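Notes for the structure review
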Amino acid sequence: RAFLGSLLAGSGTIFARMKSILKATVLLCLAVSLQAAEPVSLKLITDGLVSPMVLTSIPDGSGNRIVVDQVGVAYVLNKDGKLEAEPFLDLRDKLIKLNDGFDERGFLGFAFHPKFKQNHKCYAYYNAPRRADAPEGWDNTLTLVEYVVEAKNPKKADVSSARVVFQLDKPS
């Protein structure tokens, strides 16, 4: 309890504290699982991705999932565990140029609308290049965009339906 309290009240950026809290949560979960009656194991879901960020089920009853790769591509992972060859959403041309080796920017988040079965909407969160009116010295713009999944092909987001919901300029 004292450890978590010190994390919450600690110094540093909110991101540093969030990272410490996440580490503590993982350690706590690991400790609990080690005491569990059943062993915990890892299972490879797919490979061939650079830096997978999100894995979420498509709420359409198909059993398919979306896996998002930080470099800018979301793929359908079908219920048999195979990645579809055609991307569900390709944002590589929308992203800021990522650093080689390590970068905290890129295609960072993805979610389906709570009423997806009715409206077929989904959302992507990524770092776009700096907007022209951003403060000097800042290098990217956090962007949240709404897309509609294609009616003819439910394994593809319609890029022409893109609607920017939110943007926030970020320093380098």
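What counts, and at which threshold
- Residues numbered from 1 in each chain as written.
- Predicted model: local features only at pLDDT ≥ 70, side-chain atom pairs only at ≥ 80, totals over all residues.
- Heavy atoms only, no water.
- Pairing = 2+ DSSP bridges.
- Helix = DSSP H or I, 4+ residues; strand = E, 2+ residues; numbered from the N terminus.
- Axes fitted to C-alpha atoms, helices over the stretch in contact; angles between N-to-C directions.
- Polar contact = N/O pair within 3.5 Å; in protein donor to acceptor, adjacent residues only side chain to side chain.
- Contact = heavy atoms within 4.5 Å.
- pLDDT = per-residue confidence, 0-100.

Notes on the sheet that holds strand β5 (residues 107–112)
- Read from one edge to the other, the open sheet built from 4 strands follows the order β5-β6-β7-β8, with strand pairing classed as antiparallel. Strand pairing shows two members of the sheet lacking a second neighbour, β5 and β8 (157–171), which therefore form its edges. On average, each strand axis in the sheet is tilted by 20 degrees relative to the strand beside it, whichever way the strands run.
- Pairing between strand β7 (residues 138–149) and β8: 10 bridges, direction antiparallel.

Details of the side chain of Asn 140
- By the secondary structure assignment, Asn 140 is in strand β7.
- Side chain to side chain, Asn 140 and Asn 127 meet in a polar contact 2.8 Å long.
- Within the structure, the side chain of Asn 140 is placed 2.7 Å from the side chain of Asp 139, a separation counted as a polar contact.
- Those residues within four positions of Asn 140 in sequence are excluded, and the remaining contacts are Ile 96, Arg 105, Asn 127, Ala 128, Pro 129, Arg 130, Leu 168, Asp 169, Lys 170 and Pro 171.

A word on the confidence of the model for the chain
- Summing up the model confidence of the chain, the mean pLDDT is 85 and the portion of residues at 70 or higher is 81%.
- Helix α1 (residues 2–9) is the least confidently modelled element of the chain, averaging 47 in pLDDT, while strand β4 (residues 89–90) averages 98, the highest of any element.
- pLDDT under 50 marks residues 1–8. Its contacts with residues more than four places away, or in other chains, come to 8 contacts.

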